[in-house]
Amino acid sequence: MTIKVKHLILSAAVFLLLVSGSLVALSRQSPPSQNTDQAVGSSLSKQEVFKRIRESEDEQKWTYIRNYLIGREGAELTNSYDIYVGPGTSEWSSVTDEGQGQLPTITLKEKFPYLEAYVESGPADFHLAGAALLLSYYYEGAGQWKKTIELLERTEERLPASQMYAAQKLKIRMAEVAGNHGDMDLFRQISADLSRELKQNPDTRIVEKFSWLQTRYLGGNENIQQYLKALKKWEGSPVDGSGKQPTLILEQPALLKQGLQKLADSRSDRLPEVSGTLKRSDGSPIAYAGVYLRTKDSVHGSLQSDEPYQTMTNGKGEYTIKGVLPGSYQLYLGLELDQISGWTWPAESNEWIRVGLQDVTRDAVLQPLLELDFPVNQTTVREDRITFAWEPVPRAAYYDVYLGVQIHSGSFSQPVKTKVDTTRITIKTEELYHLLSGISSYSDQDGKMVTDPLSLLGFSNPENRFFWTVNAYDKDGHLLTRSDGYRVGNDKIGNLPFFYLKERELTQADRTLLAGNLDQAMKQYEQAYKDDPADTHSLHMLIVMIDAQISEHRSNGSDSFNRENAEKQQETYLKEMVLLHPTSGYLSRLTDYYYKKKDWQAYNAYFKLYEKVAAGDSWDADLSTHAMAMMRQGKLKEAEALLIQSMEDDPSHRRVGQYLSLVLYRECSFKTARQLAGSYPDLASNESKDWERMVESMEEEAASNADYDKAIHKYLGWYLQDQQELLDAWLRKRDPSYLALRAFIQALQNSE
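Let me begin by describing the structure that accompanies this report. (Residues numbered from 1 in each chain as written. Predicted model: local features only at pLDDT ≥ 70, side-chain atom pairs only at ≥ 80, totals over all residues. Heavy atoms only, no water.)

1. So, the pattern of salt bridges
Now for step 1: If you walk through the whole model with that rule in mind, you get 26 salt bridges.
Now for step 2: Here Glu 76 and Lys 169 are joined by a salt bridge, their closest N and O atoms 2.0 Å apart. One end of the pair, Glu 76, is in the loop between α2 (58-70) and β5 (83-86); the other, Lys 169, is in helix α6 (residues 164-180), and 93 residues separate them in sequence. When sorted by exposure, Glu 76 lands in the same class as Lys 169, which is buried.
Now for step 3: With a closest N to O distance of 2.8 Å, Arg 173 and Glu 176 form a salt bridge. Of the two residues, Arg 173 and Glu 176 are both situated in helix α6; the distance of three residues between them amounts to about one turn of the helix.
Now for step 4: Exposure remark for Arg 173: the relative accessible area of 3% places this residue in the buried category.
Now for step 5: Salt bridges here are not isolated pairs; linked through shared partners, they connect Glu 140, Arg 173 and Glu 176. (Salt bridge = Lys/Arg side-chain N within 4 Å of Asp/Glu carboxyl O. Helix = DSSP H or I, 4+ residues; strand = E, 2+ residues; numbered from the N terminus. Buried < 20%, exposed > 50% of the residue type's maximum accessible area, 1.4 Å probe, protein only.)

2. Quick notes on the sheet that holds strand β17 (residues 372-374)
Now for step 1: With antiparallel pairing, three strands are arranged side by side in an open sheet as β17-β19-β22. The open sheet has two free edges, formed respectively by β17 and β22 (424-428), since each of these has just one partner strand. Neighbour to neighbour, the strand axes of the sheet diverge by 25° on average, direction disregarded.
Now for step 2: Relative to strand β19 (residues 385-390), β17 runs antiparallel, the two being bridged by two bridges. Counterpart to Phe 374 in the pairing with β19 is Ala 389. (Pairing = 2+ DSSP bridges. Axes fitted to C-alpha atoms, helices over the stretch in contact; angles between N-to-C directions.)

3. Some remarks on a negative patch on the surface
Now for step 1: Together, Glu 383, Asp 384, Glu 430, Glu 431 and Glu 503 give the surface a local cluster of negative charge.
Now for step 2: Looking at the secondary structure, you find Asp 384 in the loop between β18 (379-381) and β19. (Patch = residues over 30% accessible without salt bridge, like charges linked within 9 Å, V, L, I, M, F, W, Y side chains within 5 Å. Areas by Shrake-Rupley, 256 points an atom, 1.4 Å probe, with all protein chains shown as cover. Lys, Arg positive; Asp, Glu negative; His and termini not counted. Charge placed at Lys NZ, Arg CZ, Asp CG, Glu CD.)

4. Details of the packing of aromatic side chains
Now for step 1: The final tally for this structure, using the stated rule, is 35 aromatic pairs.
Now for step 2: A centroid spacing of 5.6 Å and a plane angle of 85° characterise the contact between Trp 62 and Tyr 118, whose relative ring orientation is edge-to-face. Of the two residues, Trp 62 is situated in helix α2 and Tyr 118 in helix α3 (residues 108-121); the sequence distance between them amounts to 56 residues.
Now for step 3: A centroid spacing of 6.0 Å and a plane angle of 75° characterise the contact between Phe 412 and Phe 459, whose relative ring orientation is edge-to-face. Of this pair, Phe 412 sits in strand β21 (residues 410-420) while Phe 459 sits in the loop between α13 (453-457) and β25 (465-473), placing them 47 residues apart in sequence.
Now for step 4: When the ring centre of Trp 62 is taken as reference, the NZ or CZ atom of Lys 61 above it lies at 4.7 Å.
Now for step 5: Arg 632 extends its terminal NZ or CZ atom over the ring of Tyr 719, reaching a point 4.8 Å from the ring centre. (Phe/Tyr/Trp six-rings, centres within 6.5 Å; stacked < 30°, edge-to-face > 60°. Lys NZ or Arg CZ within 6 Å of the ring centre and 35° of its normal.)

Have a look at this one:
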């Protein structure tokens, strides 16, 4: 089976540190391996695997190739690598065989000759199709596209009728290769065959993959226009086609429709390509790596076999993906462990490739990992201050330091200090105790969600182990490298980022909490704070415990729990805390509370204090929320200025809709709003909000309505000034004269 998890694996021979958002998981340290050719946990070295294959009879040989070189799920470009990395995320893919443990590390280049043998003479099963698919990327990258077609055709002919799904995947790949290299007769022929098959036996995965493929090679704007008309006319129904018209019209992915519409509006006759080179900073290329372009509705999940844009680098580390629809994409890489060990790809979660009408070049360069100096290798710190030190990075202007803690379900990490312009910082341990973290839960045997007490106690637990990481940035804020990455082999591990913090001792309430009795711990913290109003630890834990209560109520429900009362009590605790120990975390929580309550007097007072305390730290998310607060108070100029800054600072453009609403309200210029929507695409969520298209629809609607400017000023004014009752009453009327304006305002409400 193939297991994909986002986590950290530690052993003396293998050290992997993967950060995905703020979640990391940790395993225990294992004794060192004596055989560098043998992966940790493997029962065989790769030399022994090859020996078994060579010396076995055919039937046993194919079994070994399947089990050790292909894997039980079959070969795919999305499950054939050890590591999958994308902007801000990493995914470890451990391919295992039942009874065999983890498979030995064998590179794709080493596998290719055995895959070729399997394709020529192995059993006609779905493993056969997978082997052929992997080889097809290898051959195409080597410039042998006709050989690729022949390989796929030969493999399809060998498959029995029962392997229809595998055969259809081969057909799609054949059509893709034909389209990539301009053999449109073959492309149309395969497409017509597939269309007929899918009418009789539709498979959702194949249908969506085929839909993306068809749009890549429509050929000419007239055909694109016809395709869009057919989409509107036959939404959800398969129809025949001949190549000029769509060969398949089924429920299309929203982002595919948006890309097609942008292409049609541009009157362009071709789709661009995205190409580049994958290499290390020393110039060495990374050959036969996976390369994927992912849409914003897919980047939060694991890579799937039906990813619309995927390929493999050639022997020089070069890749090309043809026929890419206009839109925003993230680049993901599939790498073997040896290719990335000691290196990192410094791509951040907000990095997107904007594809318009022109070809795009995007290289990916791996950088050496940043080295940590102290605290490392499970050092114990007992002082009331802790110093973090690391090696300097060339061209680095500043560093961000993150601190992580192990919990039952893995671990979490969060920034502890940002924009540090030295390679050494000293922090009071008390400041770490007051960091507010997320609440982690896990499911018990009855399926009930249980709060993880380790996540509540956070960095104030002297019995837990912590880890830390550092990111290095240049003067323009571009990530240069980081300390968390992959290290394989005893000679590459270096210092491990683990330490213990034993400056304080557990209280009785802490011990009760760690024993899993949250209700009793809550009472003990309450009593401790009552006995000593200067006890900031107990006060902090009361704030966190209410978060846990709210989280559990959200997951499990409870008739006896009153969330409003709990939040009111938490407000009191937060106000008391900022008098005793004001931090940006506590003040951010207070401003968020008053923002939701629309208590603008309290919001403004605490936000002013928040700005003072958080000076110098990054608070992009709060910036856009503060813009919303100004907007709700009628301070539209201030709100617009903040939103402009937010658009530049936050590449996800999470408030672009609100920015457009202010622009339209102020000057009612569709042209300006349309240009801004194109410059700042909404990349903040999985939902597909095409603000540019919504503005265009309003512009079309306005052409037949002389009073449209007045309507925009009136109804957008209700939205901006939070006159919700008036706005709701108008939205319920479903006025046919303002359907596009109504859709725009509803999208604004849904994006808050």
